[in-house]
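Examining the three-dimensional arrangement
If you want the building blocks of each chain, they are given just below.
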Amino acid sequence: MSSIKYTSRLPENDKIEGVNQKSMLKIWVADYADDLFQRALYLTSHRETAEDLVQETFLAAAQQVARFSGNSSPRTWLAAILRNKVADYFRDRYRKSPNNQPEAAVEDSFFTPEGTWCPEAMPAEWDDSPVNLLDDPNFSHVLEDCLKHLPPAWHGVVVYKFLEDRKGNEICQKLGITTTNYWQILHRAKLQLRHCLEKQWFNQ
Amino acid sequence: MKYLMLSCREATRLTEKKLTVGKLSFWGNLQLAMHIRMCDRCQRYAGQSAVIEKALHRQFEAKDETTQNLDEPKIELSEFFREQLLQRLDNGEEHKSG
């Protein structure tokens, strides 16, 4: 292994290392705190929450800094810690929501009692090609906006799902949710998201 | 034949289940395929749902670097916050886990 390790600048001596790690963390605060904050703010849309998450990220980093191998950049390493913190935040948001069960009533607004589409909820043709949509930053803003219109508990589940790149059953375990409830929430959230996108993006 | 026919409501449910769980039972697959073949709306739904799925992936996975919402003025971290954080790090404050 000839890769240059970030920590290799640090002396082996434990006492000195402690001091150096502290000053290294301070440099990281100066260099990366603002970027991490922007990211947290973007994901949570809430200033205090974002600040808390950045703080937790650095306190966790301070504890784990000995494990920072230097194989990745400090920015990437800190971003990964933040990502976990944000995921935990959304997981708790789901867990602590009073109404976190998938309500069938949402589906009822899309379908008739016989199970066919209600006229106003029928999926219309989307003009743009998927490739164009995915590359359009405005589309991603509308999507973001639509996400925020979901009930908080569902928003939590959706964001958690995409932040945590895990298998469905692992996510269910972490959320404390049955698989059936999990995909029902995703189904209802998707119905709402699709409808919101169609209204906001395609029928402007 | 009747048992093979899904309603649109059930078809969209299976569409999402397939996306989330990755696969359906043999019957589930068959039922969904038959419904979608005959129902333009659910066919559209399935396509759009897959697009939304991809868009959400991009939103949360690839965007670790990009952060700013272009329409909104940038909110900066306050100096107060920075100082507090540095102080807490200096005190070697333990991170509360969980």
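Residues numbered from 1 in each chain as written. Chains lettered and ligands numbered in written order. Predicted model: local features only at pLDDT ≥ 70, side-chain atom pairs only at ≥ 80, totals over all residues. Heavy atoms only, no water.

**Considerations on the overall build of chain A**
So the rule is basically this: Labels follow the DSSP assignment, with helices taken as runs of H or I lasting at least four residues and strands as runs of E lasting at least two, numbered in each case from the N terminus. Think of it in three bands: residues with accessible area under 20% of the maximum for their type are buried, residues over 50% are exposed, and the middle band is partly exposed, with areas taken using a 1.4 Å probe on protein chains only. Contact between two residues is taken to exist if any of their heavy atoms lie within 4.5 Å; hydrogens are not considered.
Counting its regular elements, chain A contains 9 helices and 0 strands. The linear arrangement of helices and strands in chain A, starting from the amino end, is α-α-α-α-α-α-α-α-α. Per-residue burial over chain A gives 52% buried out of 204 residues. Within chain A, residue pairs in contact and separated by at least 24 positions form 69% of the contacts whose partners lie at least 6 positions apart.

**So, the interface of chain B and chain A**
We count it as follows: Here the quantity called buried area is the total loss of accessible area, with a 1.4 Å probe, experienced by two parts when brought into contact, counted for both. Salt bridge, as used here: a side-chain nitrogen of Lys or Arg that lies within 4 Å of a carboxyl oxygen of Asp or Glu. Any pair of N or O atoms that falls within 3.5 Å is considered a polar contact. Within protein, one atom must be able to donate a hydrogen and the other to accept it, and sequence-neighbouring residues count only if both atoms are side-chain atoms. Charged means Asp, Glu, Lys or Arg here, nonpolar means Ala, Val, Leu, Ile, Met, Phe, Trp, Tyr, Cys or Pro, and polar covers whatever is left, Gly included.
Each partner contributes residues to the interface: chain B has 53 residues there, and chain A has 67 residues. Between chain B and chain A lies a buried interface of about 6,000 Å² when both sides are counted; carbon and sulfur atoms form 60% of it. Linking chain B with chain A are 10 salt bridges. For the pair chain B and chain A, the number of links is 24 residue pairs in polar contact (both at pLDDT 80 or more). Only helix H1 (8-21), helix H3 (40-61) and helix H4 (79-90) of chain B provide two or more residues apiece to the side of chain B that touches chain A. It is H3 of chain B that provides the largest number of residues to the side of chain B that touches chain A, a total of 17 residues. Partitioning the side of chain B that touches chain A into residue classes produces 17 nonpolar, 14 polar and 22 charged.

**Let's talk about the packing of aromatic side chains**
Residues and elements named next belong to chain A. Defined as follows: Stacked, tilted and edge-to-face are the three classes applied to pairs of Phe, Tyr and Trp rings, where Trp contributes its six-membered ring and a pair requires centres within 6.5 Å; stacked means planes under 30 degrees apart, edge-to-face means over 60, and tilted covers the rest.
Tallied over the full model, the rule gives 10 aromatic pairs over all chains. Each ring, one from Phe68 and one from Trp77, has its centre 4.8 Å from the other, and the planes form 50°; the classification is tilted. Residue class for Phe68 comes out buried when judged on its relative accessible area of 2%. Classification of Trp77 as buried rests on a relative accessible area of 14%. Members of the aromatic cluster, joined through ring pairs, are Trp28, Phe68 and Trp77.

**Structural notes on unusual backbone geometry**
Unusually for a residue other than glycine, Ser45 of chain A sits at a positive phi of about 55°. For Ser45 of chain A, the position within the fold is in the loop between helix H1 (14-44) and helix H2 (47-64).

**Side note on the pattern of salt bridges**
Should their charged atoms come close, side chains of opposite charge can pair. In the structure shown here, the tally under the stated rule is 18 salt bridges over all chains. In this structure, Arg9 of chain B and Glu107 of chain A form a salt bridge, with 2.9 Å as the shortest nitrogen-oxygen distance. Taken together, the residues Arg9 of chain B in helix H1 and Glu107 of chain A in helix H4 (residues 104-108) connect one chain to another. For Arg9 of chain B, a relative accessible area of 15% corresponds to the buried category. Across the pair Arg44 of chain B and Glu125 of chain A runs a salt bridge, and its minimum N-O distance is 3.5 Å. On the criterion of chain membership, the pair formed by Arg44 of chain B in helix H3 and Glu125 of chain A in the loop between H4 and helix H5 (130-135) is interchain, its members lying in two chains. Classification of Glu125 of chain A as exposed rests on a relative accessible area of 52%. In this structure, a network of salt bridges that share partners links the residues Glu107, Asp108 and Arg188 of chain A together with Arg9 and Arg13 of chain B.

**Focus on the nonpolar core**
The criterion, for reference: Here, nonpolar core refers to any group of buried Ala, Val, Leu, Ile, Met, Phe, Trp, Tyr and Cys residues whose side-chain atoms link them within 4.5 Å.
Among the nonpolar cores identified, the biggest contains 87 residues, and Trp28 and Phe58 of chain A together with Leu56 of chain B are the most heavily contacted of them. In terms of residue count, the dominant contributor to this core is H1 of chain A (12 residues).

**Focus: helix H8 (residues 168-175) of chain A**
Residues and elements named next belong to chain A. Let me state the cut-off plainly: Each direction from the helix axis to a C-beta atom contributes to the arc, which is the arc of those directions.
Within the span of H8, buried status applies to Ile171, Cys172 and Leu175. Viewed along the axis of H8, the buried residues span an arc of 100°, placing them on a single side of the element. Facing away from the buried surface of H8 by more than 90 degrees, the exposed residues are Asn169 and Gln173. On the buried face of H8, the contacting elements are helix H3 (74-96), helix H7 (152-163) and helix H9 (179-202). One or two steps after H8, the chain reaches Gly176, where phi turns positive at roughly 65°.

**Regarding the confidence of the model for chain B**
Residues and elements named next belong to chain B. Put simply, the rule reads: The score called pLDDT rates the predictor's confidence residue by residue, from a low of 0 to a high of 100.
For chain B, the mean per-residue pLDDT works out to 83, and 78% of the residues sit at or above 70. Mean pLDDT values over the elements of chain B span from 89, in H4, up to 94, in helix H2 (residues 26-38). Model confidence for the complex is summarised by a pTM of 0.79, with the ipTM given as 0.79.

**Some words on the packing of helix H6 (residues 137-148) of chain A against H9 of chain A**
Residues and elements named next belong to chain A. Quick reminder of the rule: The convention used is that axes are lines fitted to C-alpha atoms, helices contributing only their stretch in contact, and that angles between N-to-C directions extend from 0 to 180 degrees. By definition in this entry, angles of less than 35 degrees are roughly parallel, angles greater than 145 are roughly antiparallel, angles of 65 to 115 are roughly perpendicular, and the rest are oblique. Handedness of a helix crossing follows the sense of rotation of the near helix relative to the far helix, less than a right angle counterclockwise being left-handed and clockwise being right-handed.
Relative orientation of the contacting elements H6 and H9 amounts to 130°, with a least axis distance of 9 Å. Compared by their axis directions, H6 and H9 come out oblique. The interaxial crossing formed by H6 with H9 has right-handed handedness. Contact residues: Asn138, Phe139, Val142, Leu143, Asp145, Cys146 and Leu147 in H6; Leu193, Cys196, Leu197, Gln200 and Trp201 in H9.

**Details of the side chain of Thr44 of chain A**
Residues and elements named next belong to chain A. Residue placement: Thr44 occurs in helix H1. Separated by 2.8 Å, the side chain of Thr44 and the backbone oxygen of Ala40 make a polar contact. Ignoring any residue separated from it by four or fewer positions in sequence, one finds Thr44 in contact with Thr49, Ala50, Leu53, Tyr89 and Phe90.

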